[in-house]
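Structure at a glance
Spelled out from the first residue to the last, the chains are:
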Amino acid sequence: MADDLLTIGDTTFSSRLIMGTGGAPSLDVLERSLVASGTELTTVAMRRLDPSVQGSVLSVLEKLGIRVLPNTAGCFTAGEAVLTARLAREALGTDWVKLEVVADERTLLPDPIELLDAAETLVDDGFTVLPYTNDDPVLARKLEDVGCAAIMPLGSPIGSGLGIRNPHNFQLIVEHARVPVVLDAGAGTASDATLAMELGCAAVMLASAVTRAQEPVLMAGAMRRGVEAGRLAYRAGRIPRRHFAEASSPAAGLAVLDPERPAF
Amino acid sequence: MTISVNGEIREVVAGTTLGALVATLTRAPSGVAAALNETVVPRGQWDSTALGDGDRIEVLTAVQGG
């Protein structure tokens, strides 16, 4: 929204939904999903060039005017991730990177030690680093301390659609962070995105929840609205939770009626 | 001489440059990066970078992901 901009590094965005491009059944569906999502920042992966592949995700993003955010998906060590980020910078002309360094294929959970190492190296090398991290408030603080431009904790494993498994950790991360906190991974449906924003996240990053939905374009619109609703609710300030009811109609001025003489 | 290109073994004539090699894969004017033995070579240096026997070259581009 125009009066509530998201700032990451030196760039502002009016959309608080960052969309990935992975998993879309075709470039056409991807394009329509991206438009429906309203996203202004979109991830791509770096892979070996295959001369037989027709069409390019880059041409879709260029056509739509969406900023590209290369990731280091598939990297297991700091060294691999740093080299991949440098290749992405060379290929795409951006020093932004969504830093992913995972520990194993089964969980795709971040390897915190390799992640922090890579983050520090890339920040020193001039990159704007957006790390995909565990929902660990201590690690989040350390990533911020080495100069990351945002903190992107996972709600649950990539592609699992399990939502935010530990909302309390998200609150702890958000309370401490001086850079934007972005839910990254785990969103399954619009209410997950809303919850993230209600918890104080600055943005939501997702791919599979949209691209692998039965109707990706519809889900992209749902996510856009879910993020907006959660952000508005966060800014509005929710009412406190209570154990008992609190009447919303006034107690004063009630008519005195004889319960023994009903009118019917 | 023998080199490895994206994991495939290739025979190329001595003196082949990185630029000439990449041109056999793509004519795209941007969106492509190359690493020679795990070091990024900026595009502007491709044509002046001669390959050597046993070199490992990775040529990458952006694909859907993340």
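Residues numbered from 1 in each chain as written. Chains lettered and ligands numbered in written order. Predicted model: local features only at pLDDT ≥ 70, side-chain atom pairs only at ≥ 80, totals over all residues. Heavy atoms only, no water.

This next bit is on the sheet that holds strand 6 (residues 96-99) of chain A. Residue and element names in this part refer to chain A. An order of 6-7-8 is seen for the three strands of this open sheet, with the pairing classed as parallel. Of all strands in the sheet, those bounded by a partner on one side alone are strand 6 and strand 8 (152-153). Pairing of strand 6 with strand 7 (residues 128-133) involves four bridges; the strand directions are parallel. Each bridged residue has a counterpart across the sheet, and for Trp96 the counterpart in strand 7 is Thr128. (Pairing = 2+ DSSP bridges. Helix = DSSP H or I, 4+ residues; strand = E, 2+ residues; numbered from the N terminus.)

Residues and elements named next belong to chain A. Scanning the entire structure with this criterion turns up 15 salt bridges over all chains. Linking Glu144 and Arg178 is a salt bridge whose minimum nitrogen-to-oxygen distance equals 3.0 Å. Of the two residues, Glu144 sits in helix 5 (residues 137-145) while Arg178 sits in the loop between helix 6 (167-176) and strand 9 (182-184), which places them 34 residues apart along the sequence. Overall, the relative accessible area of 10% leaves Glu144 in the buried class. In this structure, Arg178 engages Asp145 in a salt bridge whose closest nitrogen and oxygen atoms are separated by 3.8 Å. You can see Arg178 sitting in the loop between helix 6 and strand 9 and its partner Asp145 sitting in helix 5, a full 33 residues away along the chain. Taken individually, Arg178 and Asp145 each receive the classification exposed, so the pair is uniform in this respect. Salt bridges here are not isolated pairs; linked through shared partners, they connect Asp4, Arg16, Arg231 and Arg235. (Salt bridge = Lys/Arg side-chain N within 4 Å of Asp/Glu carboxyl O. Buried < 20%, exposed > 50% of the residue type's maximum accessible area, 1.4 Å probe, protein only.)

The next point concerns the UniProt feature "active site" (unreviewed entry) in chain A. All names here are of chain A. UniProt marks Lys98 with the feature "active site" (unreviewed entry), using the numbering shown here. With respect to the element layout, Lys98 can be found in strand 6. Of the residues examined, Lys98 reaches a relative accessible area of 3% and is grouped as buried. Contact partners of Lys98, with chain neighbours within four places excluded, come to Thr43, Leu69, Pro70, Asn71, Thr72, Leu130, Tyr132, Met152, Asp184 and Met205. Of note is the side chain of Lys98, whose polar atom sits 3.1 Å from the side chain of Glu100. (UniProt positions renumbered as here; feature names shortened; annotations may be inferred. Contact = heavy atoms within 4.5 Å. Polar contact = N/O pair within 3.5 Å; in protein donor to acceptor, adjacent residues only side chain to side chain.)

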